[in-house]
Each structure stands twice: as structure tokens, then as C-alpha cells.
Amino acid sequence: MHLDEIVAWIDRAFGESRVLADKADMTDDLDSLRAILGGEHYQRYLRDEVNRQIIRDYLTNAVVLGVITEGGLAAFANHMETEDSRAVLALYMLMSAVEDAAELPPVKGEETVLQPLDASPEDPPHITLVPN
């Protein structure tokens, strides 16, 4: 199973947002809103906002726990300037404990560029879905 299929399955499992579903009397407005929210530009904006929130929460927790100092936040600045660098940093943060903040590869000065995996048909899936 590919990651995009997993994400699509998860999105379908969430069902329709009740916020929009409860406003049936606003059909024209809802159609416009769905067109905007379903567009690629909004989805890109939303992904970036999520990455910003991950970085914000992670760094705040790292400072509160004393893992890094307020002055140590500067080491992350270069990795927070662009959408792509925020995506990489957020991914590392999601995969790392807050206590490892000072050891994140982007902060240690390593050049980090995410590359898509080239999965061949012979490769077995590395993710197993466990039913409830």
C-alpha cells in the first residue's frame, strides 16, 4: 500500500466535516467554500500551517523542558524560513523525542533533502495495518 492510499483511507474514515454538513441551507455558499478548501493552494497552505504548529509546539516544549535554551532556538532559524525546510524540520520533529532536539540532523548542520522512495513492485510493504 502506498502512503497516499493510506492518507486517502484515513481521510475517508474521518467522514465529512460536521461543520459544513450542518449548514444545508447555505448550499451555494457551501459549494464555493468546498471548492476553495478542496483546492491545491489551500491544501498546501494547510500543510504548511500544520508544519509550523509542529515546529512551534516542539521547540516550545524543548525550551520548557530545558533541552535547549531560548538562545539555542537560533540554530533552528535557517530551517524555518521556507515551506520545504519547514516540512523537513517538522518531519524530523515528529519522528524524534523533544529530549533529542539538539541532535536533530538539520540543526547539526547536515544537509537534509527528502527524496521520494523508489518502490518497486517486488518490494514488500513496510507498514502493516492492524485492525481494531
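Residues numbered from 1 in each chain as written. Predicted model: local features only at pLDDT ≥ 70, side-chain atom pairs only at ≥ 80, totals over all residues. Heavy atoms only, no water.

Trainee: Give a detailed account of the overall build of the chain, specifying residues and quantitative values.
Mentor: Looking only at helices and strands, the chain has 5 helices and 0 strands in total. Element order for the chain, N to C, with α for helix and β for strand: α-α-α-α-α. The burial tally for the chain puts 17% of its 132 residues in the buried class. Here the contacts in the chain between residues at least 6 apart in sequence split such that 54% fall between residues at least 24 apart. Within the structure as shown, the chain displays about 10300 Å² of accessible surface, and the carbon and sulfur contribution to it stands at 57%. (Helix = DSSP H or I, 4+ residues; strand = E, 2+ residues; numbered from the N terminus. Buried < 20%, exposed > 50% of the residue type's maximum accessible area, 1.4 Å probe, protein only. Contact = heavy atoms within 4.5 Å. Areas by Shrake-Rupley, 256 points an atom, 1.4 Å probe, with all protein chains shown as cover.)

Trainee: Mind laying out the nonpolar core, listing which residues take part and the relevant values?
Mentor: In summary, soluble globular proteins display a tendency toward joint burial of nonpolar side chains. In terms of nonpolar packing, the biggest core is built from 13 residues, with Y58, L59, F76 and M93 touching the most fellow members. Secondary structure elements with two or more residues in this core: α4 (40–64) and α5 (83–94). If you tally residues by element for this core, the top one is α4, at 5 residues. (Core = buried A, V, L, I, M, F, W, Y, C linked by side-chain atoms within 4.5 Å.)

Trainee: An account of the side chain of N51 is requested, with residue identities and associated values reported.
Mentor: Considering the arrangement of structural elements, one finds N51 in helix α4. Judged by its relative accessible area of 14%, N51 is buried. Beyond its immediate chain neighbours, meaning those up to four positions away, N51 contacts R86, A87 and A90.

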